[in-house]
Amino acid sequence: MLSMAILSSCEPMGDDGGDMSATVGTFILNNGTWGANDSEICVFNPLDGSCVPDAFSAANGQKLGDLAQDILRLDDEIYIAVSGSQTIFVTDTKLKIKTRINAEHDGARLSPRALTSDGKKIYVSYYEGFVGEISPEDHSCRLTKVGPNPEGLDICQDRLYVADSGGMAFPNYGSTVSIVSLSDFRRTDTLKVNVNPVKVAAYDHRVYIFSYGDYAAVPALLQVYDTSDGSLKTLEYDSVSSIAEGEDGILYLLCCGFDEHWNTLPGLILMHDMSTDTPLGEFVTDGTELPNAYSISAAADGNIYVGCSDYITTGEVCVFSKEGRLLHRFDSGGFNPIAAE
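Residues numbered from 1 in each chain as written. Predicted model: local features only at pLDDT ≥ 70, side-chain atom pairs only at ≥ 80, totals over all residues. Heavy atoms only, no water.

Caption draft 1: Representation of the environment of Asp-106. Mapping Asp-106 onto the fold places it in the loop between β9 (104-105) and β10 (108-109). Looking at Asp-106, the relative accessible area reads 73%, which means it is exposed. A distance of 3.4 Å separates a polar atom in the side chain of Asp-106 from a polar atom in the side chain of His-105. (Helix = DSSP H or I, 4+ residues; strand = E, 2+ residues; numbered from the N terminus. Buried < 20%, exposed > 50% of the residue type's maximum accessible area, 1.4 Å probe, protein only. Polar contact = N/O pair within 3.5 Å; in protein donor to acceptor, adjacent residues only side chain to side chain.)

Following this line, the structure appears as structure tokens:
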């Protein structure tokens, strides 16, 4: 029999609910809603299924801000990109703020989106058309120009691949990936891809690019660029809405769609082996359905986290083992759970 710990809400750890000194677990980042200043983090403990809601606010006595986009841990620091507030918070592992990074270009603040790291530096896309390289020593940030409205980014063979979405240029979305040399931190080339690229995942000599398309005539696609021979091909997957790179080179594909009445269909998760570039089939093995699936993350604890949202009520997070079995299901304590770290 499958053993599950199913929670109906996000419950505090410990007696006081606000003491993060003994907190262990996974950070769940809630994107929030536009203009509401309601982004937040809950900290989930996969060992006992408990979690601390509103953990950032409790640690700092202030709100996280407007439209949190991504969260990344490097050693003993947590980096949180909050796009609407144009801020990257740097905290300790208890979420206590150490500093803020507010990048500017020509006197204008920039809006951070996605984060990645090579273990030495942190790299961030800025929606105004830049990527930043952050030094963990002094948290300084140097910028280089890329394509319009960059989103996801990842590193392959000492190069940073950045999805130039052009998301603000409807109906003329972007269709390139910028290639940035890490040695001198400048764009050296661009790769032509499908319309509106938003996510990048790299493994060995392959770079996987997920694009939304134009939401009409051009469909969403998952493509793979092989750096060894310069080839680009489209993979045969339908209705992909997001991707996440897990351990051992497994790419998780969240697939969502609509019925004939435009009602959302339950999410389907597929797996793809990035090392051999071959499909591996469905991920969920216990029949768990994922209504309103919104995001997917492969967290450091080895589990797969699926955020579910109806955009109206607080979100739900489903936690799966690597074997595809549901371990926990809980209220995220905020709107639109977008990432788990």
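Caption draft 2: The nonpolar core, seen in detail. Of all hydrophobic cores here, the largest spans 19 residues; its most connected members are Leu-29, Ile-41, Leu-64, Ile-71, Ile-80 and Leu-95. Elements supplying a minimum of two residues to this core: β2 (26-30), β3 (40-45), α1 (55-60), β5 (68-74), β6 (77-82) and β31 (337-340). Listed in part, the 17 residues of the second largest apolar core include Ala-244, Phe-283, Leu-290 and Ile-304. (Core = buried A, V, L, I, M, F, W, Y, C linked by side-chain atoms within 4.5 Å.)

Caption draft 3: Just the sheet that holds strand β26 (residues 278-282), in detail. A sheet is described by the order of its strands in space; here 4 strands give the open sequence β23-β24-β25-β26, paired in antiparallel fashion. The open sheet is flanked by β23 (240-245) and β26, the only strands paired with a single partner. Ignoring which end each strand starts from, the neighbouring axes of this sheet average 25 degrees apart. Sheet analysis places strand β24 (residues 250-255) next to strand β25 (residues 268-273), joined by 6 bridges and oriented antiparallel. Along β25, the bridge assignment pairs Ile-250 with Asp-273. (Pairing = 2+ DSSP bridges. Axes fitted to C-alpha atoms, helices over the stretch in contact; angles between N-to-C directions.)

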